[in-house]
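Structural description and commentary
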Amino acid sequence: MTKPKGLENGLTNYGDRDFARYLRRSFAKSMGYTGAALDKPIVGICTSESGFNNCHRHFPEMIEAVKRGVLAAGALPVTFPVISLGEVFLSPTSLVYRNLMAMAVEEMIRAQPMDAVVLMGGCDKTVPAMLMGAISADKPAAMVVAGPMMTGRHRGERLGACTDCRRFWGNFRASKVSADEIDQVEGRLAVTAGTCAVMGTASTMALMAETIGMMLPGSAAIPAVHADRLRNCEETGALAAHMALTGGPRPTEVVTPAAIRNAQRVLLAVSGSTNAVIHMAAVAGRIGMKLDLDAFNRLSDETPVLVDLKPVGAGYMEDFHYAGGLEGVLREIAPQLETGTCLITGQTLADRLSQPLADPIDRAVIREATSPISPVGGLIALRGSLAPDGAILKRAAATEALLEHEGRAVVFTSLEDLANRIDDPDLDVTADDILVLQNAGPKSPSGMPEAGYLPIPKKLAQAGVKDMVRISDARMSGTAFGTIVLHVSPEAALGGPLSLVRDGDRIRLSASEKRIDLLLDAATLAQRADEATVSSPVPARGYTRLYHQHVTSATDGCDFDFLGSAPGISG
Ligand code: FES
């Protein structure tokens, strides 16, 4: 057991340790602490609260509950901020700043005097950023999340951000919803504190954090405004105090290759967000593990989809919580899990799963493995001549008839080109065509936005077309749906085959073969590659320059190439 050092952790270097200790205690006392309080182990509370993050607006109340738990268990809670990433408030994208936040989390845990830390995140990128940073800092850490928001109501139907945001916007574009109604809906989509109400990226990442063992069992899906959310905070504070006193477990003892594989299983069983594939690759990279897309496909082919939630199904996250939450999913796929993994509680996953269930599982929301919604996982990786290093398809969110499809490419060379031409009445496009967006990957100026959900051209939408095959090196919001091929790698900005597609080329998608191919002969491709000028403008200065120079591919998690651990473990 490591003895807690409390305020003496990492003394400032003045060349005189006693002076550094005396000076630190003196300045801490200026905040009104007694000497007795400053002698206690310290639990840092790392919060990503911000006026630019609606999902975290209830954090002040949650922080008070965490503090209560820490104090009652005999340690001193000290809150500190890191940057926040409010999904819709960041430009060009929140993903660009995930690594900045991860660096801030890592360095502030390491640099400041604490024996353990409670990580408080929730919105899409804050959970992976905190996990990445905490793993690299490797001090005992426990996570709490914001929890999902509650649904709203509109003319007798439930609404939840943000699958219903897209549905209404699609209907507005198709002239089925009026401007007045879309104004009304704007105020009814996101109606409480908390993260998006469907199985989007935030909810998926919360489940990932709980599955890998970094959160208390049963906590990922508790609604943001439920009193259980505050009880969870208090309990996490108490656990973190215990971790501060005992010195463990450390994140690298919890986040192991087996824990990551378990999380991937859950991702597939809940038909989670495609973004989670990127984030889990980045989290895995922090323990030196490289995710293998072929291994991911093997998991996908043997893991059933069990939950009936939007954006793919019918329910919302509050339904999932009341139906049994992650526990209900874990119990069904238990034979496929590696249950020797360690949780922050000190239990193994097997210990957790051997506890009696508090309530029966609601089978309308969480199916039994013997009667799944789909016998295979919600996501697959694709390879082929268009994506030699991989691409991702959420097959659970796709139109069945489009999963095997060959069509003519209609190409947009950038987001600007897409915005300028997609609704042009003269655009040469039919419902059988394949929409292709280039230059929207990690190294592009757009910073890999959630633009992979290309809008259906207005004239087709108005004619009733709801889905088309769409391909890009961009991402897609976890709350979106459609036959959408994402994260094409190598990206167009690096001269990948995606950059060589021209209007009228034939492209073939085969989900059954897990392939995405540009149907051109090798000589034509080589000639186009020779003629191409790869231009990926390097930002002149600052963080965006660092990002551009060091961001890795989507397949490797879009982390910085200098932040991974020593490679060597493959998943
Ligand atoms: Fe924060 Fe959706 S905007 S989770």
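Per chain, the residues get numbers from 1 upward, laid out in the order the sequence is written. The model is predicted, so local features are restricted to residues of pLDDT at least 70 and side-chain atom pairs to those at 80 or more, both for listing and for counting; the totals for chains, interfaces and linings are taken over all residues. To get the side-chain values, all heavy atoms of the structure are used, and hydrogens and water are removed first.

1. Here's the deal with helix H7 (residues 179–186)
Listed in full, the buried residues belonging to H7 are Glu 181, Ile 182 and Val 185. Along the axis of H7, the buried residues cluster in a sector spanning 100°; they form a single face. H7 presents Asp 180, Asp 183 and Glu 186 as exposed residues on the side facing more than 90 degrees away from its buried surface. As for H7, its buried residues are in contact with strand S5 (152–154), strand S6 (157–159) and helix H6 (163–173). Whether a residue is buried, partly exposed or exposed follows from its accessible area with a 1.4 Å probe, protein chains only, as a fraction of its type maximum: under 20%, in between, or over 50%, in that order. Labels follow the DSSP assignment, with helices taken as runs of H or I lasting at least four residues and strands as runs of E lasting at least two, numbered in each case from the N terminus. Directions pointing from the helix axis toward each C-beta atom define the arc. Contacts were defined at the residue level, with two residues in contact if any of their heavy atoms lie within 4.5 Å.

2. So, the environment of Thr 552
Tracing the backbone shows Thr 552 in the loop between helix H20 (542–550) and strand S16 (569–570). Classification of Thr 552 by relative accessible area gives buried; the value is 18%. Separated by ten residues in sequence, Thr 552 and Phe 562 have C-alpha atoms that sit 9.7 Å apart. Excluding its chain neighbours within four sequence positions, the residues that come into contact with Thr 552 are Pro 442, Gly 557, Cys 558, Asp 559, Phe 560 and Asp 561.

3. Looking at the packing of helix H8 (residues 201–212) against helix H11 (residues 257–269)
Working convention: axes come from line fits to C-alpha atoms, limited for helices to the stretch in contact. Angles between N-to-C directions cover 0 to 180 degrees. It is the contact of H8 with H11, at a shortest axis distance of 8 Å, that shows an interaxial angle of 140°. When you trace H8 past H11, the crossing you get is right-handed. Contacts between H8 and H11 involve Thr 204, Leu 207, Met 208, Thr 211 and Ile 212 on the former and, on the latter, Ala 259, Ile 260, Asn 262, Ala 263, Val 266 and Leu 267. Its residues assigned to classes, the contact of H8 with H11 shows eight nonpolar, three polar and no charged. Definitions for this section: a left-handed crossing has its near helix turned counterclockwise from the far helix by less than a right angle. A right-handed crossing has that turn clockwise. All amino acids are sorted into three groups, where Ala, Val, Leu, Ile, Met, Phe, Trp, Tyr, Cys and Pro are nonpolar, Asp, Glu, Lys and Arg are charged, and the leftover types, Gly among them, are polar.

4. Observations concerning empty space enclosed by the protein
If a probe as big as a water molecule is rolled over the atoms, it shows which places are left empty. Here a cavity denotes grid points, spaced 1 Å and computed from the protein atoms alone, that fit a 1.4 Å probe unable to get out, and a pocket denotes an open set having protein on both sides within 12 Å along at least 5 of 7 lines; residues with an atom within 4 Å of a point are the lining. Grid points are joined across faces, edges and corners, and a volume is the space filled by probe spheres set on the points. Counted under the stated rule, the structure contains three cavities of 30 Å³ or more. Estimates place the volume of the largest cavity at around 70 Å³. In terms of lining, the largest cavity is formed by Val 277, Ile 278, Leu 293, Gly 390, Ala 391, Ile 392, His 487, Ala 554 and Thr 555. Counting only elements with at least two residues in the lining of the largest cavity, the list comes to helix H12 (275–285) and strand S9 (387–393). Looking at the lining of the largest cavity residue by residue, the class counts come to six nonpolar, three polar and no charged. The space that makes up the second largest cavity amounts to roughly 60 Å³. Every residue along the wall of the second largest cavity is listed here: Gln 264, Leu 267, Val 277, Met 280, Ala 281, Leu 291, Asp 292, Leu 293, Phe 296 and Thr 555. Put simply, the parts of the chain that give the lining of the second largest cavity at least two residues each are H11, H12 and helix H13 (293–302). Examining the composition of the lining of the second largest cavity, we find that three residues originate from one element, H12, more than from any other.

5. Describing the packing of aromatic side chains
Each Phe, Tyr or Trp ring (for Trp, its six-membered ring) is paired with any other whose centre lies within 6.5 Å, and the angle between the two planes then decides the class: stacked below 30 degrees, edge-to-face above 60, tilted in between. A full pass over the atoms with the stated rule returns ten aromatic pairs. Seen in terms of ring centroids, Trp 169 and Phe 172 are 5.0 Å apart; in terms of plane orientation they differ by 45°. Their pairing is tilted. Of this pair, Trp 169 and Phe 172 both sit in helix H6, three residues apart, which is roughly one turn of that helix. Given the relative accessible area of 27%, Phe 172 is considered partly exposed. Aromatic ring contacts, followed pair by pair, group Tyr 97, Tyr 543, Tyr 547, Phe 560 and Phe 562 into a single cluster. Only Lys NZ and Arg CZ are tested; either one counts as a charge over a ring when it is within 6 Å of the ring centre and within 35 degrees of the ring normal. Its guanidinium or amino end placed over the ring of Tyr 453, Arg 166 lies 5.9 Å from that ring's centre, counting from NZ or CZ.

On their own, these measurements won't tell you what the molecule is for.
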